[in-house]
Amino acid sequence: MKGVILAAGKGERLRPLTDDRPKVILKVANRPIIEYVLENLDPFVDEFIIVVRYEKEKLMKALGDEFNGKPITYVDQLPGEGTAKAIESARESVGDEEFIAVNGDIYFEIDGLKDLISTFRKERADAALLVKEFDDLSHFGKIEVEGSLVKAVKEKPGKVSGYANLGVYAFKPEVFEFIEKTPLSKRGEYEITDTLNLMIESGRKVAYAVYSGYWNDVGRPWNLLELNEYLLKNRLRHGIKGMVEEGATIVPPVEIGEGTVVRSGAYIIGPVKIGKNSRIGPNCFIRPYTSIGDNCHIGNAVEVKNSIIMDNSNAPHLNYVGDSIIGENTNLGAGTITANLRHDKGNIRVEIKGRLEDSGRHKLGAIIGHNVKVGINVSIYPGRKIGSNSFIGPGAIVDRNVPPRSLLVV
Ligand code: TTP
């Protein structure tokens with residue numbers, strides 16, 4: 001069986017973190033998101049086929065040509081948008097075999113895949129999909145079922161409860177004939193949910209497996225923080241490979257990579273994960289659910305909580321980083337502070353593709369892209385985004401989003 005992973009999307013809702021790279025290579029708990037998908041597929045497949053387009057060279061460089069000793073084949077998405085188009089792009093590589101297709105940007109536990117494959121086989125189905133019950137299906141496709149089979153898939157049905165389509169499928173190769181007939185949707189995409197409806201209308205068997213475990217569709221920036229928290233809570237193993245000076249306090253579980261030095265006076269309360277060759281302290285406070293990448297510097301009098309700091313980034317002097325995401329190669333000047341709470345304690349809203357969306361969180365800090373230089377004493381309002389390759393001058397107050405490649409000087 002082959003595993004097809006859809007990773008061609010632009011990830012626009014995750015800007016600025018996807019300004020210059022596909023979302024599936026963003027690291028959560030210091031690992032590219034797509035690796036969690038590959039890990040789940042690994043026991044069931046002999047080859048990974050990754051469908052690419054947006055910034056594909058970066059994806060290919062990040063993953064290389066094998067995973068756990070099994071080959072990765074990259075295929076370009078055919079012209080056109082949508083999940084059906086993406087799956088069709090893998091047609092030649094899949095050949096005449098059954099296959100699994102999974103969105104590359106979702107996190108789920110392996111049990112879901114086991115159940116999906118056994119249902120697909122037991123029902124002798126033409127297709128099978130993984131579903132999960134939610135109270136509000138506004139953001140999902142609703143799966144209507146009858147007995148053990150799917151009756152219909154309805155895209156974005158509004159605020160109703162029911163089974164949601166999770167983006168994990170098993171298919172017989174015959175699906176490609178139905179993809180060919182799939183019309184363009186109202187959203188201007190070729191959608192695999194429309195293909196499934198065509199299959200059902202033609203009397204093909206589409207089965208489903210119900211998943212009740214943790215699932216995260218990493219579409220918006222705060223989903224990265226939720227996933228980070230889940231992974232650190234559930235998958236972190238305490239282990240210190242770096243050097244911890246006398247006078248530093250480590251409250252497990254904390255994972256510290258090779259070459260990292262934790263200096264005296266650092267106080268780290270797990271779950272916290274720190275990559276390789278980073279410099280931590282002296283005299284800093286790192287609180288739970290924080291991931292710090294490789295070659296980072298968290299210096300004197302810095303507090304970090306519930307945040308993701310990606311590789312080669314620094315919060316070197318007198319910083320507060322709370323409920324925030326900081327991209328790669330980014331530097332915060334001395335005294336730069338992220339605010340993560342509104343005074344009225346309301347939910348923080350974030351602009352996503354031009355519309356303000358409720359993050360559902362009353363604590364959310366800054367979302368800073370890659371290669372950003374932030375000057376000294378900059379204050380960043382909750383839920384504000386700073387685009388990649390920007391320069392924020394000293395003393396600035398970032399109370400609105402900053403586009404990529406900006407120069408903000410007060
Ligand atoms: P989405 O999350 O719907 O799309 P996206 O990744 O482009 O994100 P955004 O809406 O924020 O711009 O896509 C679901 C999955 O399918 C995801 O893993 C990317 C993949 N995909 C493709 O491979 N090709 C496509 O044409 C589309 C639309 C998505």
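### Section: the pattern of salt bridges
- Enumeration according to the criterion identifies 30 salt bridges in this entry.
- Where R342 meets D344, a salt bridge forms, and the shortest distance between an N and an O atom there is 2.7 Å.
- Overall, D344 belongs to the exposed group, its relative accessible area being 52%.
- Among the ionic contacts, a cluster of salt bridges with common partners joins R31, E35, E39 and R235.

### Things to note about the sheet that holds strand β35 (residues 367-368)
- Reading across the sheet, the 8 strands line up as β15-β18-β21-β24-β27-β30-β35-β38 and stay open at both edges, with parallel pairing between neighbours. Each end of this open sheet is capped by a strand with a single partner; those strands are β15 (239-240) and β38 (385-386).
- In this structure, strand β30 (residues 325-326) lies alongside β35, joined through 2 bridges in parallel fashion. Residue pairing for β35: I325 is matched across the bridge by I367.

### Examining the site of the ligand
- If you check the shell around the ligand, you find 18 residues, and the closest are L6, E12, R13, Q77 and G82.
- Within the side chain of R13, a nitrogen or oxygen atom sits 2.7 Å from an oxygen atom of the ligand.
- For the ligand, whose accessible area on its own is 570 Å², the fraction buried by protein is 85%.
- Looking at the shell around the ligand residue by residue, the class counts come to 4 nonpolar, 7 polar and 7 charged.

### Things to note about empty space enclosed by the protein
- As enumerated under the stated definition, the model contains 1 cavity of 30 Å³ or more in all.
- When its volume is computed, the largest cavity comes out at roughly 30 Å³.
- Forming the walls of the largest cavity are K27, N30, G293, I308, I309, M310 and D311.
- Its residues assigned to classes, the lining of the largest cavity shows 3 nonpolar, 2 polar and 2 charged.

About the cut-offs
The residue numbering used here restarts from 1 in each chain and proceeds along that chain's sequence as written. Owing to the predicted nature of the model, reporting of local features is limited to residues with pLDDT of at least 70; listing and counting of side-chain atom pairs is limited to 80 or more, with chain, interface and lining totals taken over all residues. No hydrogens and no water enter the side-chain calculation; it runs on all heavy atoms of the structure. We count a salt bridge whenever a side-chain nitrogen from Lys or Arg sits within 4 Å of a carboxyl oxygen from Asp or Glu. Remark: exposure states derive from per-residue accessible area (1.4 Å probe, protein chains only) relative to the maximum for the residue type, with buried under 20%, exposed over 50%, and partly exposed in between. Any two strands with at least two DSSP-identified bridges between them are counted as paired. Strands here are runs of E lasting at least two residues and helices are runs of H or I lasting at least four, both read from the DSSP assignment and numbered beginning at the N terminus. We call a residue near a molecule or strand as soon as one heavy atom of that residue lies within 4 Å of the molecule or strand. Polar contact is the term for a pair of N or O atoms within 3.5 Å; when the atoms are in protein, one must be able to donate a hydrogen and the other to accept it, and sequence-neighboring residues count only if both atoms are side-chain atoms. Only the protein chains shown count as cover for residues, and the accessible areas themselves come from Shrake-Rupley with a 1.4 Å probe. Under the scheme applied here, ten amino acids are nonpolar (Ala, Val, Leu, Ile, Met, Phe, Trp, Tyr, Cys and Pro), four are charged (Asp, Glu, Lys and Arg), and all others, including Gly, are polar. Using a grid of 1 Å spacing that covers the protein atoms alone, one calls a set of points a cavity when a 1.4 Å probe fits there but cannot get out, and a pocket when the set is open and has protein on both sides within 12 Å along at least five of seven lines; lining residues are those with an atom within 4 Å of a point. Grid points are joined across faces, edges and corners, and a volume is the space filled by probe spheres set on the points.

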